[in-house]
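Residue strings, one per chain:
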Amino acid sequence: MYELDSFINTLSQKNPGESEFIESVREVLSSVMDTVNDNPLYIKNRILERITEPDRVYSFKVEWENDEHEIEVNRGYRVQFNNALGPYKGGLRFHSSVTLSSLKFLAFEQIFKNSLTGLPMGGGKGGSDFSPKGKSDNEILRFCRSYMTELQKYLGPDTDVPAGDIGVGGREIGYLYGQYKRIRGENTGVLTGKGLEFGGSLIRPEATGFGTMYFASEMLKAHSDSMEGKRIAISGFGNVAWGAVMKASQMGARVITISGPDGYILDEKGINTPEKWSYMLYLRSTNNDVVEPYAKKFGATFVAGRKPWEVPVDMAFPCAIQNELDESDAKNLISNGVKYVVETSNMGLTRGAYEAFINARIPTAPGKAANAGGVAVSGLEMSQNAMHLKWSKEEVDQRLRTIMEGIHASCIKEGLESDGYVNYQKGANISGFKKVADAMCQLGY
Ligand code: 2IT
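In this text the structure is predicted, and so the values were computed from the model without any measurement.

So, how was this worked out
- Just so you know, the residues in each chain are numbered from 1, in the order the chain's sequence is written.
- Where totals are concerned, whole chains, interfaces and linings use all residues; where local detail is concerned, this predicted model gives features only for residues with pLDDT of at least 70, and gives and counts side-chain atom pairs only at 80 or more.
- The basis for every side-chain value is the complete set of non-hydrogen atoms in the structure, without hydrogens or water.
- When at least one non-hydrogen atom of a residue lies within 4 Å of a molecule or strand, that residue is treated as near it.
- Counted as a polar contact is a pair of N or O atoms within 3.5 Å, where, for protein atoms, one must be capable of donating a hydrogen and the other of accepting one, and residues adjacent in sequence contribute only when both atoms are in side chains.
- The Shrake-Rupley method, run with a 1.4 Å probe, gives the accessible areas here. Residue values count only the displayed protein chains as cover.
- For this scheme, ten residues count as nonpolar: Ala, Val, Leu, Ile, Met, Phe, Trp, Tyr, Cys and Pro. Four count as charged, namely Asp, Glu, Lys and Arg, and the remainder, Gly too, count as polar.
- For every residue, the predictor reports its confidence as pLDDT, a number between 0 and 100.
- Helix and strand definitions follow DSSP, with helices as H or I runs of at least four residues and strands as E runs of at least two, each counted in order from the N terminus.
- The axes are straight lines fitted to the C-alpha atoms, using for helices just the contacting stretch, and the angles between their N-to-C directions are given from 0 to 180°.
- The labels follow the angle: roughly parallel below 35 degrees, roughly antiparallel above 145, roughly perpendicular from 65 to 115, and oblique for the rest.
- Here a crossing is called left-handed whenever its near helix is offset anticlockwise from the far helix by less than a right angle, and right-handed whenever the offset is clockwise.
- Contacts are assigned to residue pairs that have any heavy atoms within 4.5 Å of one another.
- In this description, a nonpolar core means a group of buried Ala, Val, Leu, Ile, Met, Phe, Trp, Tyr and Cys residues linked to one another through side-chain atoms lying within 4.5 Å.
- Here's how the labels work: a residue is buried when its accessible area is under 20% of the maximum for its type, exposed when over 50%, partly exposed in between, all with a 1.4 Å probe on protein chains only.
- Strands are labelled as partners when DSSP assigns at least two bridges between them.
- Side-chain rings of Phe, Tyr and Trp, where Trp is taken by its six-membered ring, are said to pair if the distance between their centres is within 6.5 Å; with planes under 30 degrees apart they count as stacked, over 60 as edge-to-face, and otherwise as tilted.
- By definition here, charges over rings are those cases where NZ of Lys or CZ of Arg is within 6 Å of the ring centre and within 35 degrees of the ring normal.
- Two cysteine sulfurs form a disulfide in these notes if their separation is within 2.5 Å.
- In this analysis, the expected span of each helix is defined as 1.5 Å times one less than the number of residues it contains.
- As used here, the arc belongs to the directions running from the helix axis to the C-beta atoms.

## So, the site of the ligand
Taken together, the neighbourhood of the ligand is formed by 14 residues, with Lys 89, Lys 113, Asp 165, Arg 204 and Ser 378 sitting nearest. In this structure, an oxygen atom belonging to the ligand sits 3.1 Å away from a side-chain N or O atom of Gln 110. For the ligand, whose free accessible area comes to 290 Å², the fraction covered by protein is 94%. Grouping the constituent residues of the shell around the ligand by class yields 2 nonpolar, 7 polar and 5 charged.

## Considerations on the confidence of the model for the protein
In the predicted model, the protein carries a mean pLDDT of 98, and the fraction of residues at 70 or more is 100%. Element-level mean pLDDT values for the protein span from 97 in helix α10 (residues 274-285) up to 99 in strand β10 (residues 315-317).

## What to know about the packing of helix α8 (residues 207-222) against helix α9 (residues 239-250)
The geometry of α8 relative to α9 is characterised by a closest axis approach of 6 Å and an angle of 45° between their N-to-C directions. Between α8 and α9, the angle is such that the two are oblique. The element α8 and its partner α9 pack so that their crossing is right-handed. Between α8 and α9, the residues in contact are Thr 208, Gly 209, Phe 210, Thr 212, Met 213 and Tyr 214 and Val 240, Gly 243, Ala 244, Met 246, Lys 247 and Ala 248, respectively. The residue makeup of the contact of α8 with α9, split by class, is 7 nonpolar, 4 polar and 1 charged.

## Structural notes on the nonpolar core
In this structure, Phe 215 and Ile 234 are the most contacted members of the largest nonpolar core, which totals 57 residues. The element that contributes the greatest number of residues to this core is α8, accounting for 8 residues. What Phe 215 contacts, discounting residues up to four positions off in sequence, is Ala 365, Ala 369, Ala 370, Met 404, Ile 407, His 408, Cys 411 and Tyr 424. By size, the runner-up hydrophobic cluster in this structure holds 37 residues, among which are Leu 29, Met 33, Phe 105 and Cys 441.

## With respect to the sheet that holds strand β12 (residues 364-365)
Strands sit in the order β9-β8-β7-β6-β10-β11-β12 across an open sheet of 7 strands; the sheet is mixed. Both outer strands of the open sheet, β9 (301-304) and β12, are each paired with one neighbouring strand and no more. Bridging between strand β6 (residues 231-234) and strand β7 (residues 254-260) involves 3 bridges; their strand directions are parallel. Counted as the bridge partner of Arg 231 is Arg 254 from β7. Together, β6 and β7 form the strand contacts of α9, whose direction differs from that of β6 by roughly 175°.

## Re the side chain of Thr 192
Structurally, the position occupied by Thr 192 is in the loop between α7 (170-184) and α8. A polar contact is formed between the side chain of Thr 192 and the side chain of Lys 89, at a distance of 3.0 Å. Side chain to side chain, Thr 192 and Ser 378 meet in a polar contact 2.7 Å long. Ignoring sequence-local partners within four residues, the contact set of Thr 192 consists of Lys 89, Val 161, Pro 162, Ala 163, Gly 164, Ile 173, Ser 378, Glu 381 and Met 382.

## Describing the packing of aromatic side chains
Enumeration according to the criterion identifies 25 aromatic pairs in this entry. When the ring of Phe 94 is compared with that of Phe 143, the centres are 5.1 Å apart and the planes differ by 85°; the resulting orientation is edge-to-face. Taken as a pair, Phe 94 in strand β3 (residues 88-94) and Phe 143 in helix α6 (residues 137-151) lie far apart in primary sequence, 49 residues in all. Exposure class is identical for Phe 94 and Phe 143. Each is buried. Through a chain of ring-to-ring contacts, three or more aromatic side chains come together here, namely Tyr 58, Phe 60, Trp 64, Phe 94, Phe 130, Phe 143, Tyr 147 and Tyr 154. One cation-aromatic arrangement involves Arg 284 over Phe 237; the distance from NZ or CZ to the ring centre is 4.1 Å.

## Describing the sheet that holds strand β1 (residues 56-65)
The strand order β1-β2-β4-β3-β5 describes an open sheet built from 5 strands, whose pairing is mixed. On the outer flanks of this sheet lie β1 and β5 (160-163), each paired with one strand and no other. Each neighbouring strand pair of the sheet contributes to a mean axis angle of 20°, computed without reference to strand direction. The sheet contact formed by β3 and β5 spans 4 bridges and is parallel. Counterpart to Lys 89 in the pairing with β5 is Val 161.

## Brief notes about the state of the cysteines
The tally for this structure, following the rule as stated, stands at 0 disulfides. Here Cys 411 is not disulfide-linked; the sulfur of Cys 319 is the nearest cysteine sulfur, at 17 Å.

## With respect to α10
Structurally, the α-helix is built with 3.6 residues per turn, so residues lying three or four positions apart point the same way. Taking 1.5 Å as the rise per residue, α10 with 12 residues should run 16 Å; its terminal C-alpha atoms sit 17 Å apart, in good agreement. Regarding α10, the residues found buried are Lys 276, Trp 277, Tyr 279, Met 280 and Leu 283. The buried residues of α10 all sit within an arc of 155° when viewed along its axis, so they share a single face. For α10, the exposed residues lying more than 90 degrees away from the buried face are Pro 274, Glu 275 and Ser 285.

## Considering the pairing of strand β2 (residues 71-82)
When β1 meets β2, the two strands line up antiparallel, connected through 10 bridges. Its bridge partner being in β2, Val 57 is matched across the sheet by Val 79. Here β1 folds back onto β2, and the loop between the two strands holds 5 residues, one of which, His 69, carries a positive phi near 65°. Pairing of β2 with strand β4 (residues 122-128), which is carried by 6 bridges, proceeds in the antiparallel orientation. Residue Asn 82 lies in a different strand from β4, and its bridge partner there is Gly 123.

Okay, here's the thing in structure tokens:
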């Protein structure tokens, strides 16, 4: 019999200082403990000990030259956590907050997220503490080349296939893939999120944001409700927030906030025109990491240094970074009448925030279910690359929608509680975990 606190204690001793990783393991295990203790095969196969230890972790030096011709040194990583279901798959994050602990948490989450998509993908994650903020295009190119010169040793289309994440968008994927091809001489599509001219998939840039709205729309349907007319708060202003804002508007909802490290925008008219959406992309492309200019351009309010969770809304979608919505934010949202919460960033909610929402019986989707659309379309990009063909926008979008509906159905199947409340966190964790654990049992150690 396993007991959560003592398992987590042992894990913490084994991984000192890795609080984000430990928290992500606690989050999954708190949902699956009964499932494990009820299954002698999982116990005999030591699934918990094995699934919480990464297959391997690469850490390497990345040297590059800045525009002043000075040499800079960053640290690069790739965490190959678990490949029971398929090649390691997961994004690369370039951000000043990146540490081994944050990448281990992201890679661990990715295992269960990828499992939920139903596609054959294992879990991995990588990145660097390099911050693109304020860097020139040439500096980013030089950094990407140097990073890939080392990383390429560990990649392959059936081994490990990275993609983007915070700080890694289409431009960076292009530079990284260019260097991979230069060194390896292979057009195997070993990164996803590529440009459409060289093997990328239609809908991949939009996929995470579209997917989270498809998931949300299923959630609302399951609660005899609809997206029409809902007031929505979104945080972030990057690729994920951009896709989410567009799809929410198409579904008849009104998104009234986006945010950056400098504060948030309150646009009561709604962020609902192609001009506003393009402006989000423009803001991102400047590499300044600010949203304030949006307020001046569109006559909206800018609230400096605060998060959007103080605005009364029907639905909240954290779309920025881990731990961006804490217990006091949750209490604010609850007292302002929030009806649904859809975590779209990875581990965007703190444990206290989850507990507050679940205690208040507010349907709350976890990131590993709601944001799986991004990696799902990455999986579809891998399929297209392997077949050497390209699907239409409609075909990819339809497959994405079907995958998100499937994930929602899995959450209901494993997460429906006796009082009729759907515990999405529990549902996603159990459903994602079981498939990986079953595969590990069959594969042997
Ligand atoms: O967190 C994520 O799922 C991603 N950054 C996307 C990963 C991928 O391989 O597309």
